[in-house]
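# Examination of the molecular architecture
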Amino acid sequence: MGETIQIGTTRTQCISAYVAKPEGAPKGGLVVVQEIFGVNAHMRSVADRFAERGYVAIAPAFFEHIEHRVELEYDQASWTRARELVAQTPFERAIEDVASAAASIASAGRIGVVGYCWGGTVAMLSAMRLGLPAVSYYGARNVNFLHEPLRAPAIFHFGERDHSIPPEAIVRHRAELHFAPDVPPAQRELEIYTYPADHAFNRDATASSYDAASATLALERTLAFFARHLGGA
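Remember, it's a predicted structure, so these values are computed and weren't measured experimentally.

### Here's the deal with the overall build of the protein
Across its full length, the protein carries 6 helices and 8 strands. Walking the protein from its N terminus toward its C terminus, one meets helices and strands in the order β-β-β-α-β-α-α-β-α-β-β-α-β-α. Computed over the C-alpha atoms, the radius of gyration of the protein is 16 Å, within 12% of the 17 Å expected from 2.2 N^0.38 for a compact globule of 233 residues. Referenced to the eigenvectors of the C-alpha coordinate spread, the extents of the protein come out at roughly 40 × 40 × 35 Å. Out of the 233 residues in the protein, the part that is buried amounts to 55%. Considering only residue pairs separated by 6 or more positions, the protein has 66% of its internal contacts joining residues 24 or more positions apart. Surface accessibility of the protein: about 9,900 Å² in total, with carbon and sulfur atoms responsible for 52%. Mean positive and mean negative side-chain charge positions of the protein (21 and 26 charges, respectively) differ by 4 Å.

### Focus: the nonpolar core
Considering soluble globular proteins, one finds that nonpolar side chains tend to be buried as a cluster. Counting residues in each nonpolar core, the largest one holds 82 residues, and the members touching the most others are Val 31, Val 32, Tyr 116 and Trp 118. Counting residues per element, this core draws most heavily on helix α4 (residues 118-129), at 7 residues.

### So, the side chain of His 157
Its place among the elements puts His 157 in strand β7 (residues 154-159). Here His 157 falls in the buried class, since its relative accessible area comes to 0%. Not counting chain neighbours up to four residues away, the residues in contact with His 157 comprise Val 135, Ser 136, Tyr 137, Tyr 138, Tyr 193, Tyr 195, Phe 201, Ala 218, Arg 221 and Thr 222.

What counts as what
- Residues numbered from 1 in each chain as written.
- Predicted model: local features only at pLDDT ≥ 70, side-chain atom pairs only at ≥ 80, totals over all residues.
- Heavy atoms only, no water.
- Helix = DSSP H or I, 4+ residues; strand = E, 2+ residues; numbered from the N terminus.
- Rg over C-alpha atoms; globule rule 2.2 N^0.38 Å.
- Buried < 20%, exposed > 50% of the residue type's maximum accessible area, 1.4 Å probe, protein only.
- Contact = heavy atoms within 4.5 Å.
- Areas by Shrake-Rupley, 256 points an atom, 1.4 Å probe, with all protein chains shown as cover.
- Lys, Arg positive; Asp, Glu negative; His and termini not counted.
- Charge placed at Lys NZ, Arg CZ, Asp CG, Glu CD.
- Core = buried A, V, L, I, M, F, W, Y, C linked by side-chain atoms within 4.5 Å.

Structure, rendered in structure tokens:
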């Protein structure tokens, strides 16, 4: 369904991005933000599934500022390399790339962002800094930015068994997240959902973390959210 393209960035370097398009007129566009393992087969399948539901989905390869064609697995060596790449990829650069990816699919209509793990925090920051409706899945780094105001609607998905995001972190989301004063009432949707699942419960590429019931419910809520805020229900 998809293809790999090159998109410009605010720097001198282009990066690749996987783009999947729906049949017929799109409902809108989604920037799909990877986990720490790059735009691998699983993340491409996530983009494909959003395209099947009517959205132009683009997954930019953020790590290409450092290394080309990063497609990591889920073994220990990959975890080690993934952490090294994340440490070299500041959120400020990631947000610039989200903006570039969103601009590249602007013809699809309104644009939203959905991200997972490291990408969950990038998604939240996209709502805060770019004003794009966002869905954040289990962003363990979110707590570092809860002081920043949201400038677009956002929803959050967390696993109740996720040791990287303890219950007090979810409490902080509910207590500290807030909207900028100039955000209109219709754009002030903020929901925080929890599921009886572990971290990465949406990742069906790893049986140890995947929870089908939680993933299905979270996707239903995600699609309903984007239908409300991007149109094309």
